[in-house]
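# Geometric and topological summary
Below are the chains, spelled out letter by letter.
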Protein chains: 2
Amino acid sequence: MILVGRNLSPYTRRVAVSLDLMEMPFERRELATATDVEAIKGYNPLGRVPALELPDGEVLIESAAILDHLDEMAGPGLRLTPVAGPARRAVMRLCAFATGAMDKAVQAYYEETRRPEDVRWPAYAARGDDQVRAGLSELEKAARTAADGGSDWLVGDRLTQADVTATVTLDFVNTVRPGLMTDGDMPALHALAERCNALPPFAKTRP
Amino acid sequence: MILVGRNLSPYTRRVAVSLDLMEMPFERRELATATDVEAIKGYNPLGRVPALELPDGEVLIESAAILDHLDEMAGPGLRLTPVAGPARRAVMRLCAFATGAMDKAVQAYYEETRRPEDVRWPAYAARGDDQVRAGLSELEKAARTAADGGSDWLVGDRLTQADVTATVTLDFVNTVRPGLMTDGDMPALHALAERCNALPPFAKTRP
């Protein structure tokens, strides 16, 4: 399999981490949407990352759709999203807060640093940042509840896609919106991310 | 169940259509992100629609996560995304092109009509429109292949979430980016949308 995209993209990084956690070997094509858009379009005509080329040449796009297929391939022992029921809903809910925060961090980052200076709109970046904080706050609540219940992980007693995506989101926000969180903000979420980032699949993809 | 959001949001409309196709009764709260953001935050702290309140008070967010739960509840006869295998990948792939086009249509629409006039950047709207066309082109290809194979539907021989999301996306693009497609553009996709929009779940939610 070939994963297209760089770890700076949190959508790409969550796939890279998941492939590694599921013990699936893969190659990388480190293409960036800013500079390699024509090459990316060869995998995904929309020009977005990640894309995953399967051994038979089929190309999957969009991180959630890619992860859905990887879970199916991994089987019950290694899948990262529970197959059904309340635990599946809990993982998907936390991933929705995390990817929502990612989307809005991209928006705020783009507004403040990538648009030409004369067409920036600070209020829009601020609104995005508020939504980032709202999404992270939901992750913090879940991390605190888990810790209070004696678990190291957000859902149940093992690492799931919720932990992967929460960690990747926090790292991304700290990279592109430095200073959005002040010291001591969201301690349970930071503790969770520290535990994850100590594991090789996270450590080696840290952007 | 209570569905939060208006049909003008294609993410909300695809959930509304799916609930109806799955024969699940629901109430509506017609809240708009532009004017009712505080009320929406009561359901989803991120302030985004759709949200779906389940009978026990649990609230699901993000259309893909909501649809995943509805498929599980609906069971094999009524689910709109196949449970596994190549057909599931095909539906998810087409949904990814459709929701990617939705995302980019929102971006172009926002850039050209919702931002203050002095901070608009026409090149950004144009780039979004290119991505919308790229996503719709993939849907057109799939619709043409299906029609050539004698099927009325994008994947297999029955209506799936791919048909729902493709139709909702096309209607949304035609609403917020009128003129993006010229007469006769993407005829197979238009024919598919016409077939879907003739069905009551689509007809009654058409914005």
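Residues numbered from 1 in each chain as written. Chains lettered and ligands numbered in written order. Predicted model: local features only at pLDDT ≥ 70, side-chain atom pairs only at ≥ 80, totals over all residues. Heavy atoms only, no water.

## Some details on the sheet that holds strand S1 (residues 2-4) of chain B
All names here are of chain B.
- A sheet is described by the order of its strands in space; here four strands give the open sequence S2-S1-S3-S4, paired in mixed fashion. The strands lining the two open edges of the sheet, one partner per strand, are strand S2 (27-29) and strand S4 (59-61). Each strand of the sheet is rotated relative to its neighbour by a mean of 20°, with strand direction disregarded.
- Sheet topology places S1 next to S2; three bridges connect them, and they run parallel. Paired with leucine 3 across the strands is arginine 28, a residue of S2.
- Across the sheet, helix H1 (residues 10-21) lies against S1, S2 and strand S3 (51-53), angled at about 160° from S1, the strand it touches most. (Pairing = 2+ DSSP bridges. Helix = DSSP H or I, 4+ residues; strand = E, 2+ residues; numbered from the N terminus. Axes fitted to C-alpha atoms, helices over the stretch in contact; angles between N-to-C directions. Contact = heavy atoms within 4.5 Å.)

## A word on the interface of chain B and chain A
- At the interface, 41 residues of chain B touch 41 residues of chain A.
- Across the chain B-chain A interface, the total number found is eight salt bridges.
- Glutamate 111 of chain B serves as the salt-bridge partner of arginine 115 of chain A, at 2.7 Å between the closest nitrogen and oxygen.
- For the pair chain B and chain A, the interface holds 18 residue pairs in polar contact (both at pLDDT 80 or more).
- Of all the secondary-structure elements, those providing two or more residues to the side of chain B that touches chain A are S4, helix H3 (63-74), helix H4 (85-114) and helix H5 (122-148) of chain B.
- Broken down by element, the residue count for the side of chain B that touches chain A peaks at 14 residues, all from H4 of chain B.
- A breakdown of the residues in the side of chain B that touches chain A according to their chemical character gives 17 nonpolar, seven polar and 17 charged. (Salt bridge = Lys/Arg side-chain N within 4 Å of Asp/Glu carboxyl O. Polar contact = N/O pair within 3.5 Å; in protein donor to acceptor, adjacent residues only side chain to side chain. Nonpolar A, V, L, I, M, F, W, Y, C, P; charged D, E, K, R; others polar.)

## A word on the UniProt feature "domain: GST N-terminal" (unreviewed entry) in chain A
- Under the UniProt annotation, "domain: GST N-terminal" (unreviewed entry) lies at residues 1-78 of chain A.
- The annotated region residues 1-78 of chain A carries 37% helix and 15% strand content, and the separation between its end C-alpha atoms amounts to 18 Å. (UniProt positions renumbered as here; feature names shortened; annotations may be inferred.)

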